[in-house]
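These are the residues of each chain, in order.
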Amino acid sequence: MDRITFSVNGEPYSAGSEVDSDETLNDFLRIRLNLRGTKYMCKEGGCGVCIVAVTIPDADGRRTTYSIDSCLTTILSCQDWEIITVEGIGNRQRYHPIQRTLAKYNGSQCGYCTPGWIMSMYSLLENRDYDVTEYEIENSFGGNQCRCTGYRSILDAFKTFAKDTPKPSLDDIEDLKLCKNKRNCNKSCEEDWCVVPRRGKVKKIYLRDHKTWYRVNEINDIFQVWRNEGTDSYMLVDGNTGRGAIHIFEFPRVLIDISAVYELKIHYLDQNLIIGAGTTLTNTMKIFKNMAEIYEEFSYLQKLYDHLDLVAHIPVRNVGSIAGNLMLKQRDMRFQSDLFLLLEAIGAFLTIVSAESTVDVTPQEFLSIDMRGKIITAIKIPPLSNNYKFASFKVMPRSQNAVAQVHGAFLYELDPNDHETVKSARILYGGLSKTFTHAYRTELFLKDKKLFENDVLQGALKVLHDEIIVEEFPGMLSPEFRKKAALGLFYKGLLNIIPAELLNVRYASGAVDLRKYRPLSKGTEVYDTNPVLWPLNEPMPKVEALIQCAGEALYVNDLPTQRKEVYCAFVTAKIATGEIGHIDPSDALSIPGVLAFYSAKDIPGKNILISGRVPLYDPQILLAEDRITYFDQPIGIIAAETEVLANRAADLVRVTYKKDNKKPLLDIRDVKMFDPSRITLYKATPAEKEPGVDVHSVIRESENIFWQYHYTMETQSCVTRPSEEGIDAYSASQYPDMMHLAISELLNIEQSRINLVIPRCGGAYGAKITRSSYTATACALVTYLLNRPCRFVMDIQPNIRVIGKRLPCNLDYEVAVNSIGEIQYLHYNLYQDVGYKDNDPVAFLAVPGVKNCYDKSRWNYSVFSVTTDTTSNTYARSPGSFESVCMTEHIMERIAYELDLDPLQVRMCNLNSEYTDVRDVLETLLEDSDYEKRKMEVADFNLKNRWLKRGLRVAIMSWPGTPLVDFHIYITVYHGDGSIVIKHGGVEIGQGINTKVIQTVGFILKVPISKIKTKPLDVASVPNNFSTVASRTTQAICFGAIKCCQLLLDRLAPVRDTIKDPTWENLVQAAFEQGINLQVSYQVNSNDQEPHRTAGIALSEVELDILTGESHIRRVDLVEDVGTSVNPEIDIGQIQGAFTMGLGYWTTEQLIYDKETGQILTDRTWNYHIPQAKDIPIDFRIKLRKNHNPVGTLGSRSVAEPATCLAVSVAFALKAAIAASREETGFPRNQWFNVDGTYSVEANVLHSQVRLEEFLYR
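Residues numbered from 1 in each chain as written. Predicted model: local features only at pLDDT ≥ 70, side-chain atom pairs only at ≥ 80, totals over all residues. Heavy atoms only, no water.

1. Points about unusual backbone geometry
Here the amide bond leading from Trp-534 into Pro-535 is cis, since omega sits at 15 degrees, within 30 degrees of zero. Secondary-structure assignment places Pro-535 in the loop between strand S18 (522-526) and helix H19 (545-549). Phi angles above zero are rare outside glycine, and Tyr-151 is one such case at about 75 degrees. In this structure, Tyr-151 sits in the loop between helix H5 (134-138) and helix H6 (152-159). A residue is classified by how much of its surface remains accessible, and Tyr-151, at 0% relative accessible area, is buried. Of note in this structure, Asn-748 is not a glycine but carries a positive phi near 60 degrees. (Helix = DSSP H or I, 4+ residues; strand = E, 2+ residues; numbered from the N terminus. Buried < 20%, exposed > 50% of the residue type's maximum accessible area, 1.4 Å probe, protein only.)

2. Examining the packing of helix H26 (residues 843-850) against helix H27 (residues 881-899)
Two elements in contact, H26 and H27, have axes separated by 7 Å at closest approach and are oriented at 30 degrees. Considering their axes alone, H26 and H27 lie roughly parallel with respect to each other. With respect to the hand of their crossing, H26 and H27 are arranged in right-handed fashion. For the pair H26 and H27, the contacting residues are Leu-845, Ala-846, Gly-849 and Val-850 in the first and Ser-881, Ser-884, Val-885 and Thr-888 in the second. Among the residues making up the contact of H26 with H27, the classes are represented as four nonpolar, four polar and no charged. (Axes fitted to C-alpha atoms, helices over the stretch in contact; angles between N-to-C directions. Parallel < 35°, antiparallel > 145°, perpendicular 65-115°, else oblique. Left-handed = near helix turned anticlockwise from the far one by under 90°. Contact = heavy atoms within 4.5 Å. Nonpolar A, V, L, I, M, F, W, Y, C, P; charged D, E, K, R; others polar.)

3. Considering the pairing of strand S41 (residues 1111-1121)
Most of S41 sits inside the fold, with nine of its eleven residues counted as buried. Here nine bridges tie strand S40 (residues 1092-1105) to S41, and the two strands are oriented antiparallel to one another. Pairing of Leu-1104 across the sheet is with Ser-1111, part of S41. Two strands pair when backbone bridges link them, and S41 and strand S42 (residues 1179-1185) are joined in this way by six bridges, in the parallel orientation. Residue pairing for S42: Val-1119 is matched across the bridge by Lys-1183. As for the winding sense of the linkage, the β-α-β connection from S41 through helix H34 (residues 1128-1147) to S42 is right-handed. (Pairing = 2+ DSSP bridges. Right-handed = clockwise from strand over helix to strand, strands pointing away.)

4. Overview of the packing of aromatic side chains
If you walk through the whole model with that rule in mind, you get 36 aromatic pairs. With a centroid separation of 5.2 Å and 85 degrees between ring planes, the pair formed by Phe-223 and Trp-226 is classed as edge-to-face. You can see Phe-223 and its partner Trp-226 sitting in helix H8 (residues 219-229), three residues apart, about one turn around the helix. The residues Phe-223 and Trp-226 share a single accessibility class, namely buried. Judged by centre distance (6.0 Å) and plane angle (80 degrees), the ring pair of Phe-570 and Tyr-774 falls under edge-to-face. (Phe/Tyr/Trp six-rings, centres within 6.5 Å; stacked < 30°, edge-to-face > 60°.)

5. Here's the deal with the sheet that holds strand S34 (residues 948-961)
Taken together, the five strands give an open sheet; going across it, the order is S18-S42-S41-S40-S34, and neighbouring strands pair in mixed fashion. Looking at which strands have only one partner, the edges of the open sheet turn out to be S18 and S34. Pairs of neighbouring strands in the sheet enclose a mean axial angle of 10 degrees, with direction left out of account. Contacts from H34 reach S18, S40, S41 and S42 within the one sheet, and its direction differs from that of S42 by about 130 degrees.

6. Section: the pairing of strand S32 (residues 823-835)
Of all 13 residues that make up S32, eleven are buried, and the element is covered over most of its length. Where strand S31 (residues 809-817) and S32 come together, nine bridges link them in antiparallel fashion. Each bridged residue has a counterpart across the sheet, and for Val-817 the counterpart in S32 is Ile-823. The antiparallel pairing of S31 with S32 creates a hairpin that spans five residues between the two strands, and Gly-821 there sits at a positive phi of about 95 degrees. Inspection of the sheet shows S32 paired to strand S33 (residues 859-867) by nine bridges, in the parallel sense. The residue of S33 that forms the bridge with Gly-835 is Thr-867. At this point the chain moves from S32, through H26, to the parallel S33, and the crossover so formed is right-handed.

Rendered as C-alpha cells:
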C-alpha cells in the first residue's frame, strides 16, 4: 500500500489511507504528533502562526530550506520533506539563539504568534546561509502578524542576525542545524534523516473520506490518471495555497499531486524565456532577477520582481506556483491575480497541453478556455528592447500581504527615433470588474501620438475614464475609489517613464511607489531605571518569554486530544432580523462523523451566555430561540468528529425564516433617521460655569467612527471534559467568574461541579471578557449531552461574524471659541452603538474620557446608548475612553482648522491647569521632537511636491484609569528550599502580569526572582474573581501580593529574631518547624485602589501618496507618564502594541457590511487588515516620563491601553496631508472635511478630490 514518507524534527513518519483529504500538515503535527508549538488561527495562510520550516530536495537533489504555512499544506503533499517545527530547533535543554534573542528583546507578549515568527526567521537564515541584510530581514515577514507587540521589538531582535549589524557568534546556530550539508546533499544520510526524490511509480492512496490521492512524476502520468478516473471530479495539487484565497468547501473525488513533475519546474532560454508552469513564485522571482541582471532585453523583469514581492508573502510564494495562481483567476474572475496582470501586460504566452493538442495562448485568451483535462505546462516570457517602457503598481490597504484593491500594468512601445511616439500600448487593470482588463480604446487612442504631451495625457485620461468598467465587489472598497485610483495609476505609470527633462519637478513625486520603496525602520526607547530597586523597576524580559519562543507555553487548544473527543461549530442565522421558522439538520447529520445538532430547546438549564448574577450585567442568550436580532446570530451547535467536519456540517443545516420586511439598521446614523426610539440617554453632565462671552466662531459638526475587530491571534477557544464531579473546562477568558456562572446556569449544575482553568490567553484586548462564554457554554453543553470531551475553537470567519467589536460612535457637537481657540461653551452628545443589546456596559467608561486633559468647566456633555441590528458590541482595548478621548481630540482639531491655527496651540490654551503631568509630557515632547523646525520642513516639502504630501499632527490624552478590581492572591512558600508559588485571579494575556508580580514579590521579600513562580488560574484556588480589564489588574495583583508579603513577613519576624543573619531558606525551614503557616492570601478590591489618570502625547508625521491613498508613517514621537514603572521594558512593549492597534483602527482596519442583509463582508485575513511589520512608524521614538504616582501601586500608572488613544495623531496627520493637496486643487486651506472612520486608501483618495485636469507633466 502506497504511503507518503517524510520526517519531522529528524524522525521518520508516513501518511496514507488513514488520513482524509482535509488533513493538513498542521493537523498532523498537532493532533497525531502532539507537537502543539505550531499554532493555527486563520487556516488560510494569512496570520503566520502555523509557519514551519521544510527542507525539500529539488530536481537536482539540492536541498533548500524555506518556510511554509502548515495550515495550507495537505499532509499528503509532504513526500521526501524534512519538516522542522519550533520544538525541533530548540527547547529548555538548549534554546536556539533566535529563540533566546527574541526573548531577550521582549519580542513576545501573549506569545501565541511567536513560534511562527521564530520559524520564519529560522527559515530565512537557513535559506540564505545566515547571510542577510537588515533590509532583507525587515522585508521578510509579510506572512507573520502580531497584535500585541507592535513589531518593533521583533524587528530589533531579528536584525541582530543581519550581516550589516554587529551580530552574536553563530557557532551555536551551526551546531543546531539539523543537516550540516544541505546545499550539496544528494544522497540519503543515516545521521541526518533525509531522502532525495526518486522518480518511480505513481503513488495511489485511497483516503479515509473516499477520495483518491495520486502522486505523479511526469506529465504523461497526469493524462493516464485522467484516462483511468475520468475528468468529472478532480483537482491538480501543487502548493495548494489557493485554498487560502478561495475557500474549498469539499475537495473533489480525485486529487493529483503534481509537485514532483520535473517538466513543470524547469526554465531555459530560447528566443523567449521559458518557465515551467509549476515553478514556485519564489523561484520565478529568482529567475526574473537573474535574467534582469544578465540580459539587457530582460532587464524589465526586475520590475516584475519588485511587483511580485508584493504578492502574498514568502511562505505562500515558496510553494504557490504560476499555474496555480492563474487557475485561481480563471476559477473566479474577480480574483486579483498579479501574475495574470503582469503576464498579459508584457505579452507573454501560456502553453496548454491536452491529450489531443498543445497550444500557446495569451493569458486573456486562457480565461475563456475550458481547462477540464488540460494543464498549463509553460510560460513564455518575451525579450523587450529599450524601446519598451514598463511600469506596474498594486494599491493595497497595507504594505504587505494584501490583495490589490486595484492594480495596473502598463507597457508602451515607443518609436526608436524620437522615444515619444507610441507604436503600441498595453494598459491592463485588475480589481475593477470580472470582465474589464484591457483598456483597448485607450490603447488605440495613444497609438501614433506623442505620449509626453499634456493634451495627449488629458485626452487619454478622458477616454480611459469613459472606458473603465467598475463593479461592486463584496468586501472590497468602493467602485468610485477603485476607478479614481485606476486613473491615478495610469498617470503614475507615465510619470515613471517620462524623461526627467520633460517633467515639472513638482510632479515627479507622483512616480514614487510607497509600497515598493520604504526606508529601513528603527526605534528608540528612553526611560529611567534605578538598579538599587531591582528587581523592582528592572527592565527585564517576561518570565514566560523563552517558553513562548520555544513553543513550550501551552494555550487552551494545546491540550492533548483525548479519545472520542468531538468538535463544535455554530449554526448561524442568515437574516438580520425576523423569526425562525423551521430548522432541518438532516443533511448535516447524514455526513459520516457528524454526531449531533443542538438548539436552544436542548439546553438543560437557562439559555444564557452571560449570567445576570454578575454585577453590571444582564442575562444574554447563547442560542436564538424564536427571534433573530442580527445576521449570523448563533441558532444551533453542530458536534462532529473533526473540526473541518463540524464547520462543513454547520453550513448544511437548513433553516427557514420569516424575515422582517425592512432593511437592517446597521449604524447610528440609520437609527437616528429611521428609529430614534432606540436611543437611550446614559448620563448627562451639565457645565460647571456659564458660557464665555468672547465668541469668535461657533462650530456645529458631526463625527463618526466605526467598529474594530480585536483580532486575537488565538480565537475564542475552549476545551471541556467529563470529570468525576461534572465537567473540567479549560478556556481562554479574561473573566473566570462570569464563565463559571454561565456554564453552571446553562447546564443547571452547581458551580462546585465545574472545574474551570485558564492557562493564559493568546491575546484578548477585551474580546475575552464576556464573549469567551460563547465557546465555553457551547462546548460545555456538548460535553454534558454527549458525555464526551469537546473542543471548540472558532474559525476566524465565525469569530468575526458572531463576536462583538469595538463600539462605533457618533458625536454631535456645537462649540463656541474665541480668536485663539479657547472654548467658550461646548454641547457634546456622544452616541455609542451597543449592537442589538446593551449587554457589555461601556458608557460608564466613556464619560471620564470626554474631558480628556482639558478644562471642561463650560462643557455640557451627554452619553447615549444606541441599539442596532448587529451583534452585541463589546469591550476593545481602552473601551469607551478610546472613543471619547479621540472624539474630543477631533473637536480640538476642528477648532484649529476653523481658525487656521496651530492645533497644538489650540490644545494648549484649553488644557486643564490642574493636570501638571500633561503639561510635563507636552513640554518633554516639544523639547525632544523639534516640532517647530519640522513644521517648516513639512510645509517646504509640500510646496515642492504635488503628489506626495506630508502632515504633522499631535494628540494628547489624560487617560482615566478606573479601579475595577476584585481579586484573590495566594502566596505559598515551600519549606524544603524556600521556593515560592503565586496564584492570583488575574489572567496573563500578554501584559506581563506574572512577571511584574514576581518582581514585586522578589523586591518585598528580598528573594531572587528565580525562586518565584506563578501558576495558572483555576476557580477552585482563586474563586469569584473579577475580570482582567482596564489596565488596572496588574497593579491590583501587585498590591495584593505586597499585602501577602507583609503578612508573611509579620509571621516570620519572630523567627528571624532568633536566628543570626538567616538565609531565606533557613528562615523558612525554621518557621515551618515552629508550625508557622507559610501560605498567605489577600483579597484586593476597589477599596484598595484609587482612580488615577495617565498622561501622554504623540506627534506623528506621515507621507501620503495622493494618487493611490497609500502612506508611510515617517516618524512618531511618543511620551507617556507611566509613573514608577515596575518593568520599563514591558511597559515600552505595551505602549508600542497599543499604539499600533490604534494605528490599525485609523489607517487599515475596516469592517464592511452588506447594507441590505446585515452580513459582514470583511470576515477573513484576506480582507480585514491589521497593521504588519512594514506599516509601523519608520522612526518610532518612545520616552517614559517618570512621575511617581502617589495613588498607584509602587508608584506606577496604567500602561496597557492608554497609548491606543494617541494613534489618532496619525489620522490627523493624514488629514493635514490631504488638506495640503486640497489647497492646490482650490479648496481653502482651513476648510474642514469629515472622514468617517478609517483613513483608508479609499478615504485618502476620495477626500483629496483631485480633478483629472490636474494630471499634467508640466
